[in-house]
Structure formats: structure tokens, C-alpha cells
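# Summary of the model geometry
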Amino acid sequence: MPIALRLSQKNSKSTDFSAFWFNFCYLISGASALTTLIQNENDLVECTPDMSSFNFIADAAAVASPAVVNVVVNIGNGLGLIGQASGSGFLIDSSGLVATNAHVVTQGLSHGVNRGNTLTITLHDGRKFQGKVHSLDRTLDIALIQLDVPKGESLPAAQIGSSSDLRIGEWVIALGSPLRLQNTVTAGILSSTARGASEIGLGEQSYEYLQTDAAINQGNSGGPLVNLRGEVIGINTAKLGGNLVSGISFAIPIDVAWQVMSQLREYGNVRRPYLGIKFVTGSSHQRGGRGFLGRSSSPSSSSLQTIKEVQIAEVIPGSPAEEGGLREGDVIIEFDHRKVNKMTDIIERLGYKYGRPIDLKIKRDGMEIALQVVSSKPNGYGR
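Residues numbered from 1 in each chain as written. Predicted model: local features only at pLDDT ≥ 70, side-chain atom pairs only at ≥ 80, totals over all residues. Heavy atoms only, no water.

### Brief notes about the confidence of the model for the protein
Looking at the protein as a whole, the pLDDT averages 79, with 72% of positions reaching at least 70. Note on residues 1–14: pLDDT is under 50 here. Beyond four places in sequence and across chains, it has 35 contacts. In the model, residues 28–41 has pLDDT below 50 throughout and makes 37 contacts with residues more than four positions away in sequence or in other chains. (pLDDT = per-residue confidence, 0-100. Contact = heavy atoms within 4.5 Å.)

Take a look at the structure:
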């Protein structure tokens, strides 16, 4: 039904009102349904809302859902089945390769009862497949499962988006099987695009996570977090619990996760290059904040401007970073020709190939300095 609005010309120009109400109608109606009529005699503005334009969550879920799966771990002790655990995941190719969390597929390992473990994967449409762990990375908590798919059968793969340009406040949608309730969809916004691992109790990892208030519960682990185009932007991983906690959940950014998954697909393990530096993140007037080392320092009295930055907290002696001229206290401005505001900017550009030269721009004692560091093979590689 059209919405008609009659405007007065006494206080504003007709053209100004026309532009304003055009934008108003665009907001409530959507571009495809917008009908705006400006009648100069009496300034009548008419727009017809299309209610289907309000179903953007449903539209995105419809795109992503076919690739979402339920993962059931049948825990055995070599003699028989002694229990079950479940999680979520999503197909990343049509051959039946599923991405999920490592902690989903390793349930039961801590009890030494995994000798008889099997995996049952249920698709959104109800089809069931047996699967086996293809590979996993405990550091970032990612695992790949290969389904036993009949020859010639093709499965729906998820559309992969990007997490590099996400903004706080964007709508996001979590899909999965919380508490074994398959095909569950919840929605919320991004509360943070770079929540440090130490801030959520994950030790001294250098990774950062997406934070959302979309409801994520036990069983959602490994499922996708998607944008309004239905593209995967993160892997649901954890939530903060407790009677006083609500709406604080976390996902692995897909740009970092995809690099790990690519390594797992190609090598069966992850080859992480070594630089030999540790970071703290914060701002110029509150340097450090809480980074992955958990350090903080006093606010700077010389600057009231808030500028996000990544500062080197430690340089390991004899490391590629030391050989390249980096020092404790340096602020990394650019890494591999990308501006740096958070640790993820460095991790994503570092990648997973060692032995390549990386150009950096740092700030030291108020001066900008260009340096180059060559990443090396990590110590203990091949475990």
C-alpha cells in the first residue's frame, strides 16, 4: 500500500524535500520497489514499500544453508560406541570437503577413546554421509573432513567472502546445529572485527577473532558466519559463558582461515613462516591495550589522537626480524605494502610461504624507516 506524505514549502525548497523523501522511501522500500512521485503543486511524495525487501536475513540464509552440515562424532573405545558429540561445518568444494573446528573432530581424544571414532555428516537437505578427518590444525582450530561421496555426485559448496574489509555494526548470520538442532539460523551484528586471542582467554596466540552478538551455542562450532550476500566471512568457534554474559561470541576470520585450509588441502599440515617478533596492539594514546602478550602501558600524554597501531613488544635474538633491523618498540606502519592497524593485517600478509622477502615500513623515534625481512622455516617444522 502506498505511503503518501504531504510537505510544506514554507520552510524548505521543494528540491531539498524531494531528495530527502527519495532517500526515505529508498530506505523503507528498497531500490527495486521504489516509486517516488513529486508533484510540484502540493509536494506530494508517494512510495510503495515491498515487504519482501525486509527479508534480507532470510535471503542470505537461503544462499548459505545448502552448504551447511551437521557433524556427529561417534566416540568409540575400540570395542564399541560409548558416546556422541556434535558440531557444525560447511562444504568448501563439490567433492565433499568440509571445513569445521579441530575441537569438533577431536572430541574424545582427551579420554583416550578415539580408536573407534567415526564421523557422520548430515547435509541441510537430510542426506547423510560418512566422513574421515582429512587434516587439522590445532593452532587455529581448523579441521577438514572428507566425505565418502558416491562417484559422480556433486555437493553444494559455500560461497567464500572476505573478512578484510568488515566494519563494526555490519549484519551477520550464524548457521549450524546448536544443541543438535540442525539447520538453525541466528542473526546479529559484528561487535568487533579484531578481538585479540588473549582478551578471550586463548593464551598468547597472535590471532584475532570476529566478535558478534549473534546467538552461538554448543554445537555451532565449525559452522559458518556469513554476510548479507550469504558469503562465509568467519568460522564460528567460541562464546563467553556465565550467568552474567550474553551475546558475546567469536569466529575465525575467513581470510586467515582460508590460508590455513589451503595449506591443509595441499600438504596435510600448516607451514607457518617464522619472523621472530611479538606484538602488542592499541592506540597512540593508549599504547598496548591488551594484545596477545597481555601487556599494557601508560597512556601517552603527548597525543590525544586515537590512532590504531601495532607495536613490536619483543624481537627474538638471532631471528629474521633482528637480522632485518627491527627493534622492540618499533611501530609497524606497513607490512608487505599493506597499511597496518591490527595484528590480522600482518598475519594475513605474512601468509604461509617462508623464504620470501617482506617489505616493512616502521615508525621509530618519530621517523619512518623502510626495512626488509626474509621469513624463514619455522623451528620444529614437520611435527
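### Here we look at the side chain of Thr237
Mapped onto the secondary structure, Thr237 falls in strand β13 (residues 232–239). A relative accessible area of 11% places Thr237 in the buried class. Side-chain polar atoms of Thr237 contact the side chain of Asn101, separated by 3.4 Å. Excluding residues that lie within four positions of it along the chain, Thr237 makes contacts with Asn101, His103, Asp141, Ser221, Phe250, Ala251 and Ile252. (Helix = DSSP H or I, 4+ residues; strand = E, 2+ residues; numbered from the N terminus. Buried < 20%, exposed > 50% of the residue type's maximum accessible area, 1.4 Å probe, protein only. Polar contact = N/O pair within 3.5 Å; in protein donor to acceptor, adjacent residues only side chain to side chain.)

### Some details on the sheet that holds strand β12 (residues 224–226)
The 6 strands are arranged β9-β10-β11-β14-β13-β12 in a closed barrel whose pairing can be described as antiparallel. Mean inter-strand twist for the sheet, computed between neighbouring axes without regard to direction, equals 45°. With 6 bridges connecting them, strand β9 (residues 171–176) and strand β10 (residues 184–196) associate as antiparallel partners. Within the sheet, the bridge partner assigned to Val172 lies in β10 and is Gly188. (Pairing = 2+ DSSP bridges. Axes fitted to C-alpha atoms, helices over the stretch in contact; angles between N-to-C directions.)

### Brief notes about the nonpolar core
Leu91, Ile142, Ile145, Leu147 and Met261 are the most contacted members of the largest nonpolar core, which totals 52 residues. For this core, the element with the highest residue contribution is helix α4 (residues 254–267), accounting for 6 residues. The residues contacting Met261, other than those within four sequence positions of it, are Ile92, Ala99, Ile142, Leu144, Ile235 and Ile254. In this structure, Leu275, Ile312, Leu326 and Ile346 belong to the second largest nonpolar core, which totals 19 residues. (Core = buried A, V, L, I, M, F, W, Y, C linked by side-chain atoms within 4.5 Å.)

### Looking at the packing of aromatic side chains
On inspection of all chains with the given rule, the structure shows 1 aromatic pair. Positioned above the aromatic ring of Tyr267, the side-chain terminus of Arg271 is 3.8 Å from the ring centre. (Phe/Tyr/Trp six-rings, centres within 6.5 Å; stacked < 30°, edge-to-face > 60°. Lys NZ or Arg CZ within 6 Å of the ring centre and 35° of its normal.)

### Quick look at empty space enclosed by the protein
For the coordinates displayed, the defined rule picks out 3 cavities of 30 Å³ or more. Surrounding the largest cavity, Ser163, Ser164, Thr193, Leu210, Pro253, Arg338, Lys342, Thr344, Asp345 and Glu348 form its lining. Ranked by residue count, the leading element in the lining of the largest cavity is helix α6 (residues 343–350), at 3 residues. Each residue belonging to the lining of the largest cavity can be placed in one class, and the counts come to 2 nonpolar, 4 polar and 4 charged. (1 Å grid on protein atoms, 1.4 Å probe; cavity = no way out; pocket = protein on both sides within 12 Å on 5 of 7 lines; lining within 4 Å. Points joined across faces, edges and corners; volume = space filled by probe spheres on them. Nonpolar A, V, L, I, M, F, W, Y, C, P; charged D, E, K, R; others polar.)

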